[in-house]
Amino acid sequence: MKAAWKLKKYLHPYIFFAILAPSMMILEVIMDLVQPTILQKIIDNGIANGDEQYIISMFGLMILSAFIALIGGVACSTYATKTAVNFATDVRQDLYETITRFSERNKDHFTLGKLITNLTSDIETLQRAVIMLLKVFVRGPLMFIGAIIFVYITARELFSVLLYVVPILAISVIIFTQLTGKFFRAVQEVMDQMNTKVQENLAGIRVIKAFNRKAHQIQQFLEVNGLLTKRNITAEQVVGVLMPLTALIVNIGLVFALWIGAIKVENNIIEVGVILAFINYLMMILQGLISSSNVLIQIARAIPSAERIVTVLEEPNDIQNCHEPIKNSPRGEVEFKNVSFSYTKQGEPVLKDISFHVKAGETIGIIGMTGSGKSTMMKMLPRAFDVDQGEVLIDQQPIQYYDLATLRQAIGFAPQKAALFSMSIEGNLKYGKQDVSLQEINEALEASCAAEFVEKLPDREQHVLSQGATNLSGGQKQRLAMSRAFIRKPTILILDDTTSAVDAISEKKIQQAIDSNFPNSTKFIVSSKVSSIKNADQILVIEDGRLIASGTHEELLQSSEYYMEIVETQTEKGGVMND
Ligand SMILES: Nc1ncnc2c1ncn2[C@@H]1O[C@H](COP(=O)(O)OP(=O)(O)OP(=O)(O)O)[C@@H](O)[C@H]1O
């Protein structure tokens, strides 16, 4: 509930509509409430006395009140919808922006599926709850209490009947809504499980096929689908039994009221119109009860959604700008001073006491076994993570002193996984730099050897990539990711194992292009292949999170047994040593 309360600020801009909606609903309910009394007057005063004039004027009043009720209802719906939809749009926008600003560590706290649920169904649930709150929250109790008051005014002689009928109605409505709510919640739970299964299976469809696990996946889906069918049937069966049961109780109440009413008419205590008005009010009391309990159910459903949304919105971002950050673009000198880092508080450090210094414009090769910490080291430069111990300096200033946007603008990062978007090749390259000319695009494509396959596409750089760029090969994706990094002509260029799927001839061309196009950029080239880093000014050899050796290729061949071993293994395996 506290979480839901925190979201009330999103209603502030629409507070006018949020007040208007229930006000209009009050108008509608009052107009609905007076109608049975008008009907009673038509029957008992007009028809009974044959007073035509009276009947016509009362009928006019009835039409007028129905018309005002209609206007009230339409206005309430309009304003409630306006408020709820705008509220949901603003929450969704804020949530999306918060997620976009998430640091890697923030992202690791949530699963992708959960974040998508937050942005879609949780917000949808909240939107429905706000509409319900503004429309029905007022309507239900007002109609319930109003109808009881009108019974007292119009059909006082039958008021005592309410003392028996209302508690029975209230109990049956509560049982009905509680039980159906429970069964439909169970349906929703399986629905969530099924969504997760479908999402996972579609994302991993290639792996499923490659490992020939189709039958297994289908079996898993059948199980959850079967459970969904079962729970749906049970829920519908419960409704099927409870609905007529509740209707029976309501009808017994009506018969009981009619019976007592008939006795009173016979004894000339009341007139027929009073019974009619009473029945109408009894139905309104029932409606009021049902609406009120529906609102409560909707609110109960919305509270967990609100909690989930607030948890994401309040996730503290661990990567922030410092007070008065440096906004000058760096030259590219980089220093790691005794850097240690761990992804989890309890876990063993992934980087252990790493120190090295790089002059601006140098090329640095980083080599080591899988999982040794090479990518993690590079993630410290755009501040995807901050170090736990030690310092990263850029141009001799701690990296945290730089304005985040300035720092990231100075870095061109081609990550290990290409992460291309489902848009044109040009659109993807413009992620690197927005205001680029076609010539710059072509130069970047040329430098990464991507031009040779892009030129063969019918619509060249306008070719639209599928989701996850599945219409490209692994090497083609890597080349485009490199083009995207090249196009911003960065001060610091990081290529994180981006040539693993590129053939040796293209790789050599790419190395030459990097040397001639980026003479002043500091270049970090992460690779597990010696051929990719052999010509670097300095090679860092990483083993199990430690920097165990550094120097040029020739120096390392003399000084590092570990490096020597890597070189020998790759030569034995037929690895290509450029030059
Ligand atoms: N987001 C993360 N959360 C927790 N642990 C992680 C995360 N990313 C990487 N690791 C762990 O950190 C260690 C170093 O990973 P890293 O990706 O830096 O290695 P790498 O040397 O680049 O490996 P590769 O050559 O396979 O890319 C690995 O043990 C890995 O499991």
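Each chain carries its own residue numbering, running from 1 in the direction its sequence is written. Totals for whole chains, interfaces and linings use every residue, but because this is a predicted model, local features are given only for residues with pLDDT of at least 70 and side-chain atom pairs only at 80 or more, for both listing and counting.

## With respect to the nonpolar core
Cut-off, in case you're wondering: Note on terminology: a nonpolar core is a set of buried residues of type Ala, Val, Leu, Ile, Met, Phe, Trp, Tyr or Cys, with members joined through C-beta atoms within 7 Å. Any residue whose C-beta has 12 or fewer other C-beta atoms within 10 Å is treated as exposed, any with 20 or more as buried, and any in between as partly exposed, C-beta atoms being built from the backbone. Starting at the N terminus, helices and strands are each numbered in turn, a helix being any DSSP run of H or I of at least four residues and a strand any DSSP run of E of at least two. Where each domain begins and ends is defined by an automated method or by a domain database.
Within the largest apolar cluster, 68 residues are counted, with the highest numbers of intra-cluster contacts made by Val339, Ile366 and Ile494. In terms of residue count, helix H15 (residues 474-486) provides more of this core than any other element does, five residues in total. There are two domains that each give this core at least three residues, and those are domain 3 (319-410 + 491-499 + 521-574) and domain 4 (419-489).

## Thoughts on the site of the ligand
Stated precisely, the cut-off is as follows: Contact assignment follows one rule, namely that a residue is near a molecule or strand if its backbone-placed C-beta atom lies within 6 Å of it. For this classification, the nonpolar set comprises Ala, Val, Leu, Ile, Met, Phe, Trp, Tyr, Cys and Pro, the charged set comprises Asp, Glu, Lys and Arg, and every other residue, Gly included, is treated as polar.
Around the ligand, the structure places 14 residues, and the nearest of them are Tyr343, Thr370, Lys374, Ser375 and Thr376. For the shell around the ligand, the leading source of residues is helix H10 (residues 374-379), giving three residues. Its residues placed into classes, the shell around the ligand shows two nonpolar, nine polar and three charged.

## Regarding the environment of asparagine 294
Formally: It is the C-beta atoms, placed from the backbone, that decide contacts: two residues are in contact if theirs lie within 7 Å.
Position of asparagine 294 among the secondary structure elements: in helix H9 (residues 272-313). Looking at asparagine 294, the number of C-beta atoms within 10 Å reads 17, which means it is partly exposed. Between the C-alpha atoms of asparagine 294 and valine 241, which are 53 residues apart in sequence, the distance is 19 Å. Excluding anything up to four places from it in sequence, asparagine 294 contacts Val136 and Thr177.

## Brief notes about the pairing of strand S4 (residues 389-394)
Operational definition: Strand pairing is assigned whenever DSSP detects at least two bridges linking the two strands.
When strand S1 (residues 334-341) meets S4, the two strands line up antiparallel, connected through five bridges. Across the sheet, residue serine 340 finds its bridge partner in S4, namely glutamine 389. Between S4 and strand S5 (residues 397-398), which pair antiparallel and follow one another directly, the connecting turn spans two residues, one of which, aspartate 395, has a positive phi of 50°.

## As for unusual backbone geometry
You will see that cysteine 449, though not glycine, has its phi angle at about 60°, which is positive. Considering the arrangement of structural elements, one finds cysteine 449 in the loop between helix H13 (438-447) and helix H14 (451-454). Given 24 C-beta atoms within 10 Å, cysteine 449 falls into the buried group. For aspartate 544, which is not a glycine, the phi torsion comes out positive at approximately 50°. Following the sequence through the fold, aspartate 544 ends up in the loop between strand S9 (538-543) and strand S10 (546-551). Looking at aspartate 544, the number of C-beta atoms within 10 Å reads 13, which means it is partly exposed.

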